[in-house]
Amino acid sequence: MAVDLLIRDGEPHWYLSPDIWVVPGNDPGGSPGSPMAGQPAYLWAKVANNGTTPANGIRIDFYWANPALQVTRSNATLVGSAFADVPAGGVQDALCLVPWLPVIVNGGHECLVAVADHPGHPLPNPLPDAFNPPIYPQVAQKNLTVLNAAMQRAFLFALTVSALPRVDKAVTVTAELGDKLDEKTLLSLGLRGLKPARKAAVEVGLSSSPRTLCEKDPVGETKLEMRIPKGTSAGLHVAIRAKSLVAGEYQFIHIVERAGDEVLGGLGFVLIGQATTHKEAQS
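Definitions and limits used
Residues numbered from 1 in each chain as written. Predicted model: local features only at pLDDT ≥ 70, side-chain atom pairs only at ≥ 80, totals over all residues. Heavy atoms only, no water. Disulfide = S-S within 2.5 Å. Buried < 20%, exposed > 50% of the residue type's maximum accessible area, 1.4 Å probe, protein only. pLDDT = per-residue confidence, 0-100. Contact = heavy atoms within 4.5 Å. Pairing = 2+ DSSP bridges. Helix = DSSP H or I, 4+ residues; strand = E, 2+ residues; numbered from the N terminus. Axes fitted to C-alpha atoms, helices over the stretch in contact; angles between N-to-C directions. Salt bridge = Lys/Arg side-chain N within 4 Å of Asp/Glu carboxyl O. Polar contact = N/O pair within 3.5 Å; in protein donor to acceptor, adjacent residues only side chain to side chain. Core = buried A, V, L, I, M, F, W, Y, C linked by side-chain atoms within 4.5 Å. Phe/Tyr/Trp six-rings, centres within 6.5 Å; stacked < 30°, edge-to-face > 60°. Patch = residues over 30% accessible without salt bridge, like charges linked within 9 Å, V, L, I, M, F, W, Y side chains within 5 Å. Areas by Shrake-Rupley, 256 points an atom, 1.4 Å probe, with all protein chains shown as cover.

Our next topic: the state of the cysteines. Tallying each qualifying case throughout the model produces zero disulfides. Sulfur of Cys 96: no disulfide; nearest cysteine sulfur belongs to Cys 111 and is 17 Å away. We classify Cys 96 as buried; its relative accessible area is 1%. Overall, the relative accessible area of 0% leaves Cys 111 in the buried class.

Right under this line is the structure:
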């Protein structure tokens, strides 16, 4: 292919792209980190051209969406665009020209999508509603949120599961404990040097209805079957409780939406530990 654009998917979890990151604050050249609701931030994406022809005037569109598993154009909001010239075989970091102001949806825990477009490697026309990064190499998604167990021990989140306009949806959603994150991802989240928990250190569960989470309440199911009529959405509620995370450790959590064996979308949480008290150390 003369122009062959790529914004990398995550590996093995495609919805955790290493090529999309956030710089919180007013300086787009600052250190990567996690966005905060109500505070400005800048969005970046790394675009590669694996083709044999230079790609000048690439437009990279950046979107945010309320916390969701399968992110679609109809439930996403355009932030702004970046422009890049990438030579054949080259790579370019592209800055969204419009600052992003995360809104207070679950504390600012939104999902991000980057889409690179160029006449030499065009997107479908008309565009499908689903971004579908595994199918389109010039599309990538980052659904990754940092939670701090030093600030609170239990977390509740409301996510959205949406059916496409013309098809009813029947999916299975699971809550899973993940493996370690690579150093580049930790750096992009401002978490350099943290180590994965030495044992399962959290409880995580799912529910189809809103709930509270007191200290001894069960967190919910680890697997939930959902049916959503075409063109509609349903709420999914996630409960996370820290049990034994300590300072310097993190637990990686996935909420994954599947239709059969196909992963339609997912959301990652990184729960970072708190200092261990003397009483906890003796238990």
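Further notes follow.
We now examine the confidence of the model for the protein. A low pLDDT means the predicted coordinates there should not be read in detail. Put simply, the protein has an average pLDDT of 88, and 94% of its residues get 70 or more. Counting contacts from residues 275-283, a segment whose pLDDT is below 50, to residues more than four positions away or on other chains yields six contacts.

To summarise the sheet geometry, strands pair through backbone hydrogen bonds and adopt either a parallel or an antiparallel arrangement. One open sheet holds the three strands; their spatial order is β10-β15-β13, and the pairing between them is antiparallel. Both outer strands of the open sheet, β10 (154-162) and β13 (202-207), are each paired with one neighbouring strand and no more. For this sheet the average axis-to-axis angle between neighbouring strands, irrespective of direction, equals 20 degrees. As paired elements, β10 and strand β15 (residues 233-242) share nine bridges and run antiparallel to each other. For Ser 162, the partnering residue across the bridge sits in β15 and is Ser 233.

Counting across every chain of the model gives eight salt bridges. For Arg 258, the salt bridge goes to Glu 176, with nearest N and O atoms at 2.9 Å. Taken together, the residues span a long stretch of sequence, with Arg 258 in strand β16 (residues 249-259) and Glu 176 in strand β11 (residues 169-177) at a distance of 82 residues. Classification of Glu 176 by relative accessible area gives partly exposed; the value is 25%.

The residue Lys 46 is located in strand β3 (residues 41-49) in this model. At 2.7 Å, the side chain of Lys 46 and the side chain of Asp 93 are in polar contact.

To continue, consider the nonpolar core. Here is a general trend for soluble globular proteins: nonpolar side chains tend to be buried in one another's company. Grouped together as the largest cluster of nonpolar side chains are 41 residues, with contacts concentrated most on Leu 236, Ile 240, Ile 255 and Leu 271. Setting aside its immediate chain neighbours within four residues, Ile 240 contacts Leu 147, Arg 153, Ala 154, Phe 155, Phe 157, Glu 203, Val 204, Leu 213, Ile 253, Phe 269 and Leu 271. Within the second largest apolar cluster, 25 residues are counted, among which are Val 22, Leu 43, Trp 100 and Ala 116.

Moving on, we come to the sheet that holds strand β8 (residues 139-142). The four strands are arranged β5-β4-β7-β8 in an open sheet whose pairing can be described as antiparallel. The open sheet is flanked by β5 (76-86) and β8, the only strands paired with a single partner. Strand-to-strand twist of the sheet, defined as the mean angle between neighbouring strand axes without regard to direction, takes the value 20 degrees.

With the rule as written, the count across this model stands at four aromatic pairs. Note on Trp 21 and Trp 44: the rings are 6.0 Å apart at their centroids and 5 degrees apart in plane angle, and the pair reads as stacked. Residue Trp 21 is found in strand β2 (residues 20-24), and its partner Trp 44 is found in strand β3; the two are separated by 23 residues along the sequence. Residue classification places Trp 21 among the buried residues on the basis of a relative accessible area of 14%.

Here Val 115 lies in strand β7 (residues 111-117). On the basis of relative accessibility, which here comes to 4%, the residue Val 115 falls in the buried class. Along the sequence, Val 115 and Met 226 sit 111 residues apart, while their C-alpha atoms lie 29 Å from each other. Ignoring any residue separated from it by four or fewer positions in sequence, one finds Val 115 in contact with Ile 7, Arg 59, Ile 60, Asp 61, Tyr 63, Leu 123, Phe 131, Gln 138 and Val 139.

Buried residues dominate β13, accounting for five of its six residues. The sheet contact formed by β13 and β15 spans six bridges and is antiparallel. Within β15, the position partnered with Ser 207 by the bridge is His 237.

Turning to a nonpolar patch on the surface, a few remarks are in order. On the surface, Phe 83, Leu 97 and Val 98 cluster together into a nonpolar patch covering about 310 Å² of accessible area. By the secondary structure assignment, Leu 97 is in the loop between β6 (91-95) and β7.

For the bond from Glu 11 to Pro 12, the omega torsion is 10 degrees, close enough to zero to count as cis. Inspection of the secondary structure assignment puts Pro 12 in the loop between β1 (5-6) and β2. For Asn 132, which is not glycine, the phi dihedral falls at a positive 55 degrees. As for its placement among the helices and strands, Asn 132 is situated in the loop between β7 and β8.

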